[in-house]
Amino acid sequence: MDHRNEIREFLTSRRARITPDQAGLPSHGIRRVPGLRRAEAAQLADVSVEYYARMERGNLTGVSDAVLDALARALRLDDAERAHLYDLARAAAPSPRRRRTPASQRGVRPNVQRLLDSMTDSPAFVVNGRTDVLAANSLGRALFAPLHTGAAQPPNHARFIFLDPRSHTFWDDWDHAADDAVALLHAQAGRAPFDQDLTALVGELSTRSEDFRIRWARHDVRRHTTGLKSLRHPAIGPLRLTFEAMTLVADTDLTLFVYGAEPGTPSEDGLRLLATWTATHDQQRATPVTGDA
């Protein structure tokens, strides 16, 4: 991924979505492109047109926090977008702050796996910024059974959504799941622009999925911390589940997701059924097969 291009496309796309009326500016003449003109964005950020143009060309080197804040206000960035802008600026800093990305983490610490295994009533798993699933408990693996039966390892949510046809029947709102996945990858690209595994994943998905290419070009980012997920489990049927996402303090690139159901709902019954289904399948796998005496 080209970091300067990432900055340029992000700022351009954010400027294009704001009309002069929304910004409280008069609108004069015919506009050849949507949104604000560069001069108008510069005026709102209280910087010169030349300085704004330099930033939008992909050069955030040396830009102060005060200017970044002003730019975020001018472009009406939300919290996730503001954090992304700061990540892009940090990555643009000269050496020694631009360090090579360390080798990809392929698992979790034993304490984290023990924590997951202790959650016997709730599906739970840990993902990194590329949406790789690095660890899960039994219910977590069972809930996302189609994801864990793919050939690619580690299982990856974005790859499943865009390259596995089963994802269209697994997710009730496939478009929303796809938008979330791309927004998370874009946010990770801002935090770790030199991550070769991330670059390879984005390249693979861009090559093989037009749906991914269209969404990647939007440069949307968002936080994924809590909410509802509606899915159709191949063995259990429809489930409407809440989720909470928590960053692991000792492993800041890793996020713990825990799923649950509202009490007294069919989805709560479905999770109980999933636990029974999981226990039965785990027992079958653990039972040795014996031949005829």
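Not measured: the values here are computed from a predicted model.

Reading the values: the criteria
Residues numbered from 1 in each chain as written. Predicted model: local features only at pLDDT ≥ 70, side-chain atom pairs only at ≥ 80, totals over all residues. Heavy atoms only, no water. Helix = DSSP H or I, 4+ residues; strand = E, 2+ residues; numbered from the N terminus. Buried < 20%, exposed > 50% of the residue type's maximum accessible area, 1.4 Å probe, protein only. Contact = heavy atoms within 4.5 Å. Areas by Shrake-Rupley, 256 points an atom, 1.4 Å probe, with all protein chains shown as cover. Pairing = 2+ DSSP bridges. Axes fitted to C-alpha atoms, helices over the stretch in contact; angles between N-to-C directions. pLDDT = per-residue confidence, 0-100.

J.: Describe the overall build of the protein chain, and please don't skip the residues or the numbers.
T.: Scanning the protein chain from N- to C-terminus turns up 15 helices and 5 strands. Taken over the C-alpha atoms alone, the protein chain extends approximately 85 × 40 × 35 Å along its principal axes. Out of the 293 residues in the protein chain, the part that is buried amounts to 45%. For the protein chain, the proportion of contacts with a sequence separation of at least 24, taken over those separated by at least 6, is 55%. Approximately 15500 Å² of the protein chain is accessible, and the part contributed by carbon and sulfur atoms is 52%.

J.: Report on the sheet that holds strand 1 (residues 124-127), specifying residues and quantitative values.
T.: With respect to topology, 5 strands assemble into an open sheet ordered 2-1-5-4-3, the strand pairing being antiparallel. Edge positions in the open sheet fall to strand 2 (133-136) and strand 3 (226-233), since each of these has one partner strand only. Adjacent strand axes in the sheet meet at a mean angle of 30°, parallel and antiparallel pairs treated alike. The pairing of strand 3 with strand 4 (residues 237-248) spans 8 bridges and is classified as antiparallel.

J.: Lay out the pairing of strand 1 in plain terms, naming residues and giving numbers.
T.: Here strand 1 shows two buried faces, one formed by Ala 124 and Val 126 and the other by Phe 125 and Val 127. Across 4 bridges, strand 1 lies against strand 5 (residues 251-260) in antiparallel orientation. Its bridge partner being in strand 5, Val 127 is matched across the sheet by Thr 255. Pairing analysis gives 3 bridges linking strand 1 to strand 2, with the strands arranged antiparallel. Across the sheet, the residue bridging to Val 126 is Ala 135, located in strand 2.

J.: Which residues make up the confidence of the model for the protein chain, and what are the values?
T.: When pLDDT is averaged along the protein chain, the result is 91, and 91% of the positions lie at 70 or above. Note that pLDDT drops below 50 for residues 96-103; the model gives that stretch 8 contacts with residues more than four away or on any other chain.

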